[in-house]
Amino acid sequence: MSKLGQVVESVDKYNKFVLDQVKRARTDQKYGRELLGRWNDVKAKIPITRTPTGVALPRLALPEIDEPGEIARYFFGEGLPGEFPYLNAAYREMYLEPVREIESFEKNGGKLDKKIPQTEEPTRLFSGLMLAEDTNERFHYLTRHQRTHRLSTAFDGPTLYGIDSDADGVFGKIGEGGVAIDTVEDMVRLYDGFDLGSPNFSASMTISGPAPIIMAMYIAAAKRRFGPKVVPKLRGTIQADIFKEVQAQNETIFPIEPSLRFLTDMVEFTTHEMSRWYPISISGYHIGEAGSTPVQQAAYTLSNGFAYVEMFAARGIPVDQFGPRLSFFLDCGLDVEYIALARVSRRIWAIGMRDAFGAGARAQLFKLHTQTSGRSLIAAEFKNNLTRTAAELMLAYMNATNSCHSNSADEPFTTPSEEWIRLAAHGQAILLEESGIFKHTMNMLSGSPGMKAVERAVQAAILDEFREIERLGGVLAAVEERYQRSQIQNAAHRYEQQIYDGTRPIIGLNRYRDGDEEIPDVKLARTPRKRQQLQVDRLAKFKKKNAEKAKRALDKLAEVVEREKNCFPTLLDAVEVCSLGQITGRLQEVVGRFRPMV
């Protein structure tokens, strides 16, 4: 039995354990009294806070139960927020304002005598356009009203494939759909003006194929600005998920095994040297955007995650060292499964990590970034996308996501404009700050009978997917059989067919469409040719300046890779004098290029 098979067995055993605890609580009077006593103690210690209108609310909402069996089902089957198996939340409190004490509130006639300190926002905004300084300008615009700066970076096509901007045939793609990054100098420009070592700053980089190279550039850029002591302080995430690239997104540049080896080299380095960095974001978002069902998205993301854990542990990295540095990324659409998808994923991950891998509490946490669904955005009557995204944000926060990105309504046409990206960010602010839905009480919307029904159905379906992957020999064997890819393609075809035949209503497209609608006049974000030429000219200057040093650095990198040593420290030296394309090209000479499986 593989580790994934052990995960399935562990979840099944844990579900039986929960039922046994329920039965014991109902038949063993002493045990039942102990659980009831603990339940009453928890409830008695919950702080009470006041809403701005004066209503008193508990800081944590719990079901009104006093029957020992149901209390056991809650404690063991769900867990309090921040407690195993983390169904309700990874942490004890999320999104909440600091407590407004009743006594203080009433003493001041319903007024606060001092400003309430604010916690870190879960909002993480995503941007990338034209050249590094253009994206930097957008970053500063996006963070103008943020207490903490949490940036996600989109890269252009050439960068995603590890290709330099001066390569044949890519000139027109420079800076399109993301930012062009060729050198460490570009990386310095990209985050100029931000304190990379600050606890209030984190950077997320959405790139996988050349992720170790880009990660090395980020470290080198930080060292140039703040010195070598900044490295342990760096906070953020790089995507680096090779499995989802092969399964869904196609941005793979090296064969699978070398890609996984370079990834593990980076994870090993960052685990030892950068305790605040997440060196991989195990990503279901792109699986969902490629057409999967919600259950497929969660099942493939979780199984990929368990495969990475097995791989990193095989390198000799202790699971309790790298486990807390794993993060996840899920899509959130409008299908009913999303009402509980992340909750169930959090529970399965915690049980699997504890019982199949022996991980401690910190490594059991399923730390999640959610993005509203790009696939749900429709060009027809596109302003409806504001409502779609708002509904998806509600679902994401009901699932206690750790951070969230809201898509812009104009994305079916172009890279978001400032107007629409501001509205997308305001959608989160309205939900979290203006409304009282999440800022007063934990568990405000969780635990309904409908949600519980969805949880049971989704968990069963995810475990069925695990069993099929296990039957095929595990994640890597299933990838080689193109199992995940074929299932995603089948689901995508079914999705489009449902839109075509009307069984999947899309408001403004196949239902309630205004026949007189005109094509909206949306300004397209394009990179001017002068800007693209500037990128090429800068790259040429960099290569000329470092020509001799680059040759020596590439030779040394190739030697380390051929000797099968950890190449990440050598990458850190190479990016100082070599471009992204130079490094990618030399590594491909050593390990080969990715060839899609037929």
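Shown above is the structure to which this text applies.
Each value, and the rule that gives it
Sequence positions are assigned chain by chain, starting from 1 and proceeding in written order. A pLDDT threshold of at least 70 governs which residues receive local features in this predicted model, and a stricter bar of 80 or more applies before side-chain atom pairs are shown or counted, although totals over entire chains, interfaces and linings include all residues. The side-chain figures draw on all heavy atoms in the structure; neither hydrogens nor water molecules are used. Numbered from the N terminus, helices here are DSSP runs of H or I no shorter than four residues, and strands are runs of E no shorter than two. Only C-alpha atoms enter the radius of gyration, while the globule expectation follows 2.2 Å times N to the 0.38, with N the number of residues. With a 1.4 Å probe rolled over the protein chains alone, any residue whose accessible area is under 20% of its type maximum counts as buried; one over 50% counts as exposed, and the rest are partly exposed. In this analysis, two residues are considered to be in contact whenever any of their non-hydrogen atoms come within 4.5 Å of each other. All accessibility values rest on the Shrake-Rupley procedure with a 1.4 Å probe; residue burial counts only the protein chains present in the view. This count recognises Lys and Arg as positive and Asp and Glu as negative, with His and chain-terminal groups excluded. The atoms used to mark charge sites are NZ of Lys, CZ of Arg, CG of Asp and CD of Glu. The term salt bridge refers to a pairing of a side-chain nitrogen on Lys or Arg with a carboxyl oxygen on Asp or Glu at a separation within 4 Å. By this definition, two strands are paired if DSSP reports at least two bridges between them. Axes, fitted as lines to C-alpha atoms, cover a helix only where it is in contact. Angles between the N-to-C directions of the axes lie from 0 to 180 degrees. Geometric relationships in this document are graded by angle, where less than 35 degrees denotes roughly parallel, more than 145 denotes roughly antiparallel, 65 to 115 denotes roughly perpendicular, and other angles denote oblique. For a crossing to be left-handed, the near helix must be turned anticlockwise from the far one by less than a right angle; the clockwise case is right-handed. Asp, Glu, Lys and Arg are counted as charged, while Ala, Val, Leu, Ile, Met, Phe, Trp, Tyr, Cys and Pro are counted as nonpolar; the rest, among them Gly, fall into the polar class.

The subject of this paragraph is the overall build of the chain. Within the chain, the secondary structure is distributed over 23 helices and eleven strands. For 598 residues, the compact-globule estimate of 2.2 N^0.38 gives 25 Å, and the chain sits close to it at 25 Å. Dimensions along the principal axes, computed over C-alpha positions, put the chain at roughly 80 × 55 × 55 Å. Burial status across the chain gives 57% buried among its 598 residues. Sequence-distant contacts in the chain: of pairs separated by 6 or more residues, those separated by 24 or more amount to 78%. Carbon and sulfur atoms make up 52% of the accessible area of the chain, which totals about 25600 Å². Between the averaged position of the 78 positive side-chain charges in the chain and that of its 78 negative side-chain charges there is a distance of 4 Å.

In the structure shown here, the tally under the stated rule is 35 salt bridges. The shortest N-O distance in the salt bridge between lysine 543 and aspartate 166 comes to 3.0 Å. With a gap of 377 residues between them, lysine 543 in helix H20 (residues 529-545) and aspartate 166 in the loop between helix H6 (157-160) and helix H7 (184-190) connect regions that are remote in the sequence. Judged by its relative accessible area of 34%, aspartate 166 falls in the partly exposed class. In this structure, glutamate 455 and lysine 452 form a salt bridge, with 2.7 Å as the shortest nitrogen-oxygen distance. On the criterion of helical spacing, the pair formed by glutamate 455 and lysine 452 is a turn pair, its members being three residues apart in helix H17 (residues 449-471).

In spatial order, the strands read S3-S4-S5-S6-S7; together these five strands make up an open sheet with parallel pairing. Across the chains shown, the open sheet's two edge strands, defined by having one partner strand only, are strand S3 (125-127) and strand S7 (277-278). Contacts from helix H5 (residues 132-142) reach S3 and strand S4 (149-154) within the one sheet, and its direction differs from that of S3 by about 160 degrees. Here helix H8 (residues 211-226) sits on the sheet and contacts strand S5 (201-206), strand S6 (236-238) and S7; the angle it forms with S5, its principal contact strand, is near 155 degrees.

It is worth spelling out the sheet that holds strand S10 (residues 368-372) at this point. An order of S8-S9-S10-S11 is seen for the four strands of this open sheet, with the pairing classed as parallel. At either margin of the open sheet sits one strand with a lone partner, and together these are strand S8 (280-283) and strand S11 (403-405). Sheet twist, expressed as the mean angle between neighbouring strand axes with direction ignored, is 25 degrees. Summarising the sheet, S10 and S11 pair through three bridges and their orientation is parallel.

Between two packed helices, the angle of one axis relative to the other and the distance separating the axes together describe the packing. At a minimum axis distance of 9 Å, the contact between helix H14 (residues 341-357) and H17 shows a crossing angle of 55 degrees. Classified by the interaxial angle, the pair formed by H14 and H17 is oblique. Where H14 crosses over H17, the two elements pack in a sense that is right-handed. For the pair H14 and H17, the contacting residues are Leu341, Arg343, Val344, Arg347 and Ile348 in the first and Met451, Lys452, Glu455, Val458, Gln459, Ile462 and Phe466 in the second. In terms of residue class, the contact of H14 with H17 is made up of seven nonpolar, one polar and four charged.

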